[in-house]
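The residues making up each chain are set out below.
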Amino acid sequence: MCGIVGYIGTQKAVGILIGGLEKLEYRGYDSAGIATLYDGQLTAIKAKGKLHNLRTKLENNVDYAQIGIGHTRWATHGKPEEYNAHPHGDNKGKFAVVQNGIIENYQDLRKELKEKGHNFVSDTDTEVIPHLLAEYYNPQGDDPFMDAVMKTVHRLEGAFAIALLCADYPEELIVARQNAPLIIGFGQGEFFCASDVTALVNHTNAVLALENGEIGRLTPLGVELYDFGGKRLRRSPRVLDWNPVTVEKQGFRHFMLKEIHEQPSVVRTCLEVYFNPDWQIKATKPVNLNLTPELSDNLENIQIVACGTSWHASLVGKYLLEQMAEIPTFVQYASEYRYSPSPIMANTMTIGVTQSGETADTLAALGMERQRRAGLEKPYQPRIVGISNRPESTLGGMVDQLINTYAGIEIGVAATKTFVAQVMAFYVLALDLAWQRKTINPERIDQILAGLLQLPTQIEKILQTEESKIEELAHNFPETRDFVFLGRGINFPIALEGALKLKEISYIHAEGYPAGEMKHGPIALLDAHVPVVAIAMAGSVYEKVISNAQEAKARDARLIGVVPQSYDDEVFHDVLHVPEVEELLSPILAVIPLQLLSYYIASLRGLDVDQPRNLAKSVTVE
């Protein structure tokens, strides 16, 4: 979950490396460091803590190097101390390495190398890499640096993306990838590498994603691509439609708040791309998803694998797929599915949901599902679909079809607009399958489409009318230690998501429960010091949620209600209004006040909203 960046070209490398690390700091911020190569000398500068500490160290540093690598760390092996910060080197100062990933066999390699006289100065798994390079480096060989890299990567087990420098090769930056993301950027006489395109968009939008088992050699003259066996590969970069403005705060105090306010635009984009509101007039279909018959025909079951916020979006998706398309749907944590997969069922679609397209557990679960169904007869053959914000990701290359959520770059570690985008993707899928299977009539489809088209304006109304009220309400909770969130039916996942957002960025313990389950244990937690947030949207369970909320109120809990605009009862101490909407569409609106409440509580507590402790945006290791 660390971030790596590299540069070779005609500009001074330090500024480009630091700028790239700023864009990657959401991937880890326990420590940071850079290494540059100038006049045959490798220089590494590191600092514990966030990137500004490294910036301070570099203030009076004059470095003319035009090649370098950088790293921002999310600690796995070894405490977040400066001696564990990347880049790491060998004992002779010949090599410098940065890595994102985990070398699973590092202990055996470390023992072997120690016996050969290598001295280690960190607790990290990464440090074995430069020592292996030094062990295999033969200056008299045909291609010494690349040969050493080839031999080294064959010794590494696990998931890794690495960028490497050698003091003897001032015009070569070598990168390699195995089960961890790595992107190469193409400029004019300069080339870049990074864990994510967010680090590159200020410099280029022509990128090439390395695939597993590939090595790239970057020189001022171009990029050479090889597989781990040394075979030369040829692929062309793709051009992204992103620009530098998308990764700036644009006047907002935090990226998270900016991304909350971008949600009306995200929903509009999804509607424009996927939905045909006048489908009957034009005698076409309501959804432009274009699922292949191999994926959708004779579908009997759907299983979804996801983690974190994506898992909550998938729970909403389960409700939509079962209620609209009448397909039994099962949602599992990808991390658990890997070790206890469901029995193999015929005619089953497997959906992996990950905003980054790089979540290690989700990718592994999908890969396992494809492998265990490979070679089986037709009803049991794999049908793999992905839902992601990043079509250029690893996920995009491994699924049979990708549903792009079109949310744009999300920098804040706590997902907001990508959650809403994923839920919208499930509306797309559920409507498409419902239309194909004729489980809802055309009039009902039109009714749902009409409601979806109103959502962007309704989200804007919440932001306009409720945000200041929510900010004021947040002043009541900076010292609160526990929260409970309640929901039922399609809004139970929203209770889970509201609790997760509060935990992630405010460090307040929060739990989401089905409202009807309160009396089966969790009600024992309630007293005057535990606020309860109840999602009470109009529909089949509205009265039930109100009744459950009154049970909490009777235990002296401060009661906050997410309620329709027409609500005029006095059950709740505080109300957060959302526009009138039918129950099926209510999750998209109900989550907005909960995002804002979490944001303002965390902000008032003086916390780093965009980079909460111990978290990283993209979980690329198990």
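One can find the structure itself at the top, above this paragraph.
The structure displayed is predicted, hence computed values, not measured ones. (Residues numbered from 1 in each chain as written. Predicted model: local features only at pLDDT ≥ 70, side-chain atom pairs only at ≥ 80, totals over all residues. Heavy atoms only, no water.)

(A) Local environment of the overall build of the protein chain. Helix and strand counts for the protein chain stand at 18 helices and 25 strands. Along the three orthogonal principal directions, the C-alpha set of the protein chain runs to about 80 × 60 × 45 Å. A buried classification covers 60% of the 622 residues belonging to the protein chain. In the protein chain, of all internal contacts separated by at least 6 residues, the share reaching a separation of at least 24 is 71%. For the protein chain, the exposed surface amounts to about 24000 Å²; the carbon and sulfur share of it is 47%. (Helix = DSSP H or I, 4+ residues; strand = E, 2+ residues; numbered from the N terminus. Buried < 20%, exposed > 50% of the residue type's maximum accessible area, 1.4 Å probe, protein only. Contact = heavy atoms within 4.5 Å. Areas by Shrake-Rupley, 256 points an atom, 1.4 Å probe, with all protein chains shown as cover.)

(B) Structural view of the nonpolar core. Formed by 94 residues in total, the largest nonpolar core has its most connected members in Phe 275, Ile 351, Met 424, Leu 431, Leu 452 and Phe 483. Top element by residues in this core is helix 13 (residues 417–437). It accounts for 13 residues. Once residues within four sequence positions are removed from consideration, Ile 351 is found in contact with Ile 302, Gln 303, Ile 304, Val 305, Leu 366, Val 385, Ile 387, Phe 426 and Leu 429. By size, the runner-up hydrophobic cluster in this structure holds 30 residues, among which are Leu 17, Ile 18, Tyr 29 and Ala 47. (Core = buried A, V, L, I, M, F, W, Y, C linked by side-chain atoms within 4.5 Å.)

(C) Structural view of the sheet that holds strand 6 (residues 95–103). Strand order in the open sheet formed by 7 strands is 5-6-7-8-12-13-14, and the pairing between neighbours is antiparallel. The sheet terminates laterally at strand 5 (88–89) and strand 14 (232–233), the two strands that pair on one side only. Pairing of strand 12 (residues 214–219) with strand 13 (residues 222–227) involves 6 bridges; the strand directions are antiparallel. Bridge pairing in strand 13 places Thr 219 opposite Gly 222. Packed on one face of the sheet, helix 4 (residues 128–136) meets strand 5, strand 6 and strand 7 (158–166) and runs near 130° to strand 6. (Pairing = 2+ DSSP bridges. Axes fitted to C-alpha atoms, helices over the stretch in contact; angles between N-to-C directions.)

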